[in-house]
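Read off the chains here:
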Amino acid sequence: MAFLFRNRPKSNAEVTRSTKDLLLKLSEEQRPNPKAEEELTRNLQQMKITLQGTLEAEINQQLVFELVNLIVNEDLLYLLANNIHRLPFESRKDAQIIFSSAFRYKQPGYADPEVLRHVIQNRPEIIISLCHGYDRRESALPCGGVLREALKFDAIAALILYDEPSPDGKCRDLGTVNPDLPSSGEGVFWQYFDWIDKSAFEVSADAFNTFRDILTKHKQLVATYLQTNFETFFTKYNYVLIQSESYVTKRQSIKLLGEILLDRANYTVMTTYVESGENLKIIMKLLRDDRRMINYEGFHVFKVFVANPNKSLAVQKILISNREKLLRFLPDFLSDRTEDDQFIDEKSFLIRQIEQLPSTPIPPSTPA
Amino acid sequence: MAENYQVLEELGSGSFGKVYKAIDKTTGAIVAIKHIDLEDTNDELADIQGEIALLSTCNSPYVAQYITSFVKGVKLWIVMEYLGGGSCLDLLKPGPFTEAHIAIVCRELLLGLDYLHTSGKIHRDIKAANTLLCQSGQVKLADFGVAAQLTNIKSQRMTFVGTPFWMAPEVIQEAGYDYKADIWSLGITALELAYGQPPNADIHPMKVLFIIPKNPAPRLEGDNWSKTFKDFVAHCLIKDPDRRATAKELLEHKFIKRAGRVEAMREMVERKQMFDAHPESTTHPKYYEETMIDLSPRSEQDEWIFDTVKPGTVATRRHTAKRRKTARIPSTDAAAVASMMQKMDLNAAPLGTVTDSPIPEARRRSSSRKSSAATAIRVSSGNTPTARRVSNVPKQPLGLDLSFGNSPSTVRHFKRVPSGERRPALCPNPPSNSFHPNPQARTFRPSPPNSAHPLDVETNNENEPPALEYPPTPITKDALYGRRAYNKVLDSVFQEAYADSGSPHQRDAMGKLQQAWAHLDQVDPHGEFLLLKAMVDRLQGDSKLANALGIAISPAPTPAKHNTKASETSLSGTTIHGTGTTRLHRSNTTTQSVTKSSSDLSSTPSVTRESTPFSTPLSTTSQSPVKGPKLILAQNNPHLKSHRRRQSAFVGGEKIFGAGLDDGRGWGLDEKKLPGHVEKGMEQQGLLADILYGQWIQGLKSRWPVA
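Only a predicted model underlies this, so the values are computations on that prediction, with no experimental measurement involved.

Here is what the cut-offs are and how they apply
- Residues numbered from 1 in each chain as written.
- Chains lettered and ligands numbered in written order.
- Predicted model: local features only at pLDDT ≥ 70, side-chain atom pairs only at ≥ 80, totals over all residues.
- Heavy atoms only, no water.
- Contact = heavy atoms within 4.5 Å.
- Buried area = accessible area lost by both parts, 1.4 Å probe.
- Salt bridge = Lys/Arg side-chain N within 4 Å of Asp/Glu carboxyl O.
- Polar contact = N/O pair within 3.5 Å; in protein donor to acceptor, adjacent residues only side chain to side chain.
- Helix = DSSP H or I, 4+ residues; strand = E, 2+ residues; numbered from the N terminus.
- Nonpolar A, V, L, I, M, F, W, Y, C, P; charged D, E, K, R; others polar.
- Buried < 20%, exposed > 50% of the residue type's maximum accessible area, 1.4 Å probe, protein only.
- pLDDT = per-residue confidence, 0-100.
- Core = buried A, V, L, I, M, F, W, Y, C linked by side-chain atoms within 4.5 Å.
- Domains from an automatic or database assignment.

Caption draft 1: Region of interest: the interface of chain B and chain A. Across the contact, 34 residues belong to chain B and 30 residues belong to chain A. Interface area, chain B with chain A, both sides summed: about 2700 Å², of which 51% is carbon and sulfur. Where chain B touches chain A, the interface holds zero salt bridges. Applying the counting rule to chain B against chain A returns ten residue pairs in polar contact (both at pLDDT 80 or more). The set of elements that each furnish at least two residues to the side of chain B that touches chain A consists of α1 (45-56), β4 (66-72) and α3 (99-118) of chain B. Looking at the side of chain B that touches chain A element by element, the count peaks at six residues for β4 of chain B. Its residues assigned to classes, the side of chain B that touches chain A comprises 14 nonpolar, 15 polar and five charged.

As structure tokens, this is what we get:
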């Protein structure tokens, strides 16, 4: 691509301004504009090289500092996030690198990623826009990559979880969020269910990865959130994800459910979940699915119901009325997993538990 | 999504699933579609996604183009650009590359690597097998199964992945490495293309892991390579990654600068196609398979990928070397053969034992050696029989016959053993075989050769279900003939022809044919015999061919008469078909073959009579060889070609027989041993066996409706 550099490279200020203008132009025009795209491509490539260097050349700290500040001042990231799907193929990857480099940027000697802090405090819309990258196949992967890197910070997870639609399109300030108030179910987080369930495989899979990161990276935050929004969350989780038509979505979400429930931080969420007879029914159906890996992942949720020493009346009722069936079913359940010692042990444990069930449900001693 | 594609033939299969050729209905473009059965992969959904994510961010003429992917049922369909030229490893089968071709491949690989490296990707498994070609010669990087996407191009990786022989020392030492690791692998790949295999290929992959960091970097040696080429390799293979060149720098190297146009690679593609067209079309084109096997290395052994390496490069060499030695025996030790012929009696027939003849002795020895070699492969390559077999089989010239039924052991167990796992065939009752119902079962009796894939045997033991006590087929008369023809004639003929083949690819072709035939003999001597017979019949039908082969026959001759006549004409015959042998042959050499065929003729009535009882109820099963029409070989049929070769080789193989004996005597002696005589007493037995066999086949049929 030597021809791209034949001209004298633009200064940081020039390149930032030019990129901003071009992005604005591109977002307004309906028809493709090859000339603008070409220049944009060149600009983004130059910015990328300034920010991360090349295989041969090191970065210039001074220039990086300058460019990062210009990007923030011109609010370029917001424009980029909204228009990433309009960029040419290679430029989308460059945009992703510009995002990650900016988010990761720390001034030498400081521990604080200042661009990211700026985004969280003043421009949370960027994060929401990045989530909306899942609306399109073109933008899904670059946006997802940026998001997952940013999700190392709990503030980003909080921004996504507590997002609420507002009349002015402004994002909420995290300082004003009251974690005890249930979510309306309208914020960006809830759209992940649709992105996962309805998108093409690549988009769905990437959205699921981000979804998983949101729910597993910051335990305390998520535990609080799930307690407050238990009904909304698990209703959606059960009906959209666990019972999804898509094999991949179904299988991955059962697995994630198991991970969430068995996480210590989510103890309260888990006990609430396994009290529900409805939940147990859904999971028991998974054991009879004709796909073996669905059976297997389902087993790891089912075992939580059975192993729970304080089973609710509803759960006891279902288990007792199915006792004979279960005792016939379980010994042969996935019996070819002969190598899987943990599975074999757990299965025989469950069988014993079911054998020892009382003949009629008894109220749990200490209701959880 | 799936409706958008019309799936055509299978291109190959591996542990992960199958690859199909398909047509995109909207554009009409030909694509390759990988079907991954997600139910079979345990926890690797995330890995597969990662690979797709990485692939989908590549858009370069030097990288195999990803098109899309979607889930249908429990299968993931990955749609990729169709690359019909095969992998460089495939293209190496006819022989090493020339320097000019290597330069082109290296340049294209460097362009691909430069693209990957500048976008923060490390391929981590550069080798000939992962370098694919279009029909038009373009070279593309493929198989991103272990590739890494770095968030920062400067960051390093620690993960120990790749294929040992091609691994850079810093990858093995696990002290952190970067994109330079690919440059090392490129250097090894250049050596692979030049030598036909990577350095240290004869050493166990585990041991290689110690050798690479310890030994000095390999160098290209030999007078037939230019200085610049040697210099290029030396620049790639610098043990210190910091001093090793980058892809950009290497693109400026003289060796690369003067490389020719990529269109020249078509020569390699065409060479391979010629090579494939030759031996047998029993293996239908499987361009993508090698790749695909590699593509999912983690599905079987996480980070280790031994299986693609070891069998192909190492085993082959060993086999050929040993093989040639044994192959010479019949031709050099003419007296021994003659004495064997003299001593022939009933016991020496296919089902008997010959203990005092030197030949079987030699065979037995070599067979045990061979089987241990096979075991070694097995150990190193993990446990995906399908995957390995596909990459394995074509590369073992002349490997099969000895370990299977051709050792003169008394009892021939009619056990279908996957070719990768030969040892069990030697012991009477392989314990490890479990019963696997398999649709492939219908190939039990190979239908006409062009539809059967003798090399593609699946792990099924058709013989398991019903009575094991009697292996029924060998008892049928025709099976006896077939076995006999193989043991007495074809086997040694193949070996001779093999030894006489000039170029490596000729030899390889002959080896494949021989192997396929050995398999046919193992599985279905009955069919084998009928095939032979049909061939001879039809050849006789064509007067020119018959003359040339010396088997010209008047419609209803008495065998003995025409034999003598035929032998007169045979002197000239061989050269015409002499692809395998160019020797002159003495006239009596043909007599034997003709005798066989003519005695076949004489037994024809009984054949038809016998085959009716069981072939009628089983018309759908693999009885097809019996039926005339299916055996018709078109004149341009490759089987016919190979048959001609065989015919000529045939003659070559037998000539020793005559050397020690005068015609009449040898002839008379031989006639007593001919199946025709034996079979008189066995007629009823054969009938009985056929009925039993028929029942047994029916049992099989009910088990596997497909059969």
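Caption draft 2: Seen up close, the pattern of salt bridges. Considering all chains together, one arrives at 33 salt bridges over all chains under this definition. R104 of chain A is the salt-bridge partner of E149 of chain A, the closest N and O atoms lying 2.7 Å from each other. Note that E149 of chain A is positioned in helix α8 (residues 137-150) and R104 of chain A in helix α5 (residues 89-104), a separation of 45 residues in sequence. K533 of chain B serves as the salt-bridge partner of D537 of chain B, at 3.4 Å between the closest nitrogen and oxygen.

Caption draft 3: Spotlight on the side chain of S139 of chain A. Residue and element names in this part refer to chain A. Tracing the backbone shows S139 in helix α8. Looking at S139, the relative accessible area reads 1%, which means it is buried. Once you skip the residues sitting within four places of it in the chain, S139 turns out to touch I84, H85 and G133.

Caption draft 4: Focus on the confidence of the model for chain B. All names here are of chain B. For chain B, per-residue confidence averages 62 on the pLDDT scale, and residues scoring 70 or more make up 48% of the total. Residue range residues 285-474 is modelled with pLDDT below 50. Its contacts to residues more than four positions away, or to other chains, number 407 contacts. Per the prediction output, this complex has pTM 0.62; the corresponding ipTM is 0.88.

Caption draft 5: Here's a closer look at the nonpolar core. Counting 200 residues, the largest nonpolar core has F103, I160, F189 and F211 of chain A as the members making the most contacts within it. Broken down by element, the residue count for this core peaks at ten residues, all from α3 of chain B. There are two domains that each give this core at least three residues, and those are domain 1 (61-218) and domain 2 (274-368) of chain A. Those residues within four positions of F103 of chain A in sequence are excluded, and the remaining contacts are L77, P113, V115, L116, V119, I126, I127, L130, V146 and A150 of chain A. Formed by 14 residues, the second largest nonpolar core is a distinct cluster that contains L490, W517, L520 and M535 of chain B.

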